[in-house]
Amino acid sequence: MVNQSRQRQETPKFIAASANHNRNYTVQLACLAVPAEHEQAAVDFLRQSLPRRQRVNLRPEGSIDGTLLARVTPLGSAQDMSAALADAGLGQMTCSSPA
């Protein structure tokens, strides 16, 4: 019997507030798997790329346990944050490119 260990892969979550400040959403980046050893670097990357009060476009893909799964793009940019993390070598895309 071969003992195979599975490496935990999770996408960092962050809080997004709505434009009218009435709601806060916990958002998980859609279509991205981040290995445990890159999780802190991915969080740091997101904090640098999306500082507080940075406006973003959320494109919902679903939800898991009350957490919104969405593709996230900073306004004024064409770069999807899931793709940016994957391009930086901090994660791997798990589905096709956004349409």
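To start, this report covers the structure provided alongside it. Residues take numbers from 1 onward in each chain, read along the sequence in its written order. Per-residue local features of the predicted model are confined to residues with pLDDT of at least 70, and side-chain atom pairs are confined, for both listing and counting, to 80 or more; whole-chain, interface and lining totals are unaffected and use all residues. Excluded from the side-chain calculations are hydrogens and water; all other atoms, namely the structure's heavy atoms, are used.

1. A short note on the state of the cysteines
(1) Moving on: Disulfides are defined as cysteine sulfur pairs within 2.5 Å. Per the stated rule, a full pass over the model turns up 1 disulfide.
(2) Moving on: The disulfide partner of C31 is C95, and the gap between their sulfur atoms is 1.7 Å. Of note, the bridge from C31 to C95 carries an S-S torsion of about 125 degrees and is right-handed in sense. Residue C31 is found in the loop between β2 (24-29) and β3 (32-33), and its partner C95 is found in the segment after β6 (92-93); the two are separated by 64 residues along the sequence. Put simply, DSSP marks the helices as runs of H or I at least four residues long and the strands as runs of E at least two long, and each gets a number from the N terminus on.

2. Digging into the pairing of strand β4 (residues 56-64)
(1) Moving on: As paired strands, β4 and strand β5 (residues 67-74) are joined by 8 bridges and run antiparallel to one another. Note that in β5 the partner of N57 across the bridge is T73.
(2) Moving on: The hairpin formed by β4 and β5 contains 2 residues between the paired strands, and D65 there has a positive phi angle of roughly 50 degrees. Between any two strands, at least two bridges found by DSSP are needed for them to pair.

3. Re the nonpolar core
(1) Moving on: Of all hydrophobic cores here, the largest spans 14 residues; its most connected members are L29, L46, V72, M81 and L85.
(2) Moving on: Of all the secondary structure elements, the ones that give two or more residues to this core are β2, α1 (39-49), β5 and α2 (81-87). Put simply, buried Ala, Val, Leu, Ile, Met, Phe, Trp, Tyr and Cys residues joined by side-chain atoms within 4.5 Å make one nonpolar core. Think of it in three bands: with a 1.4 Å probe and only protein chains considered, a residue is buried below 20% of the maximum accessible area for its type, exposed above 50%, and partly exposed in between.

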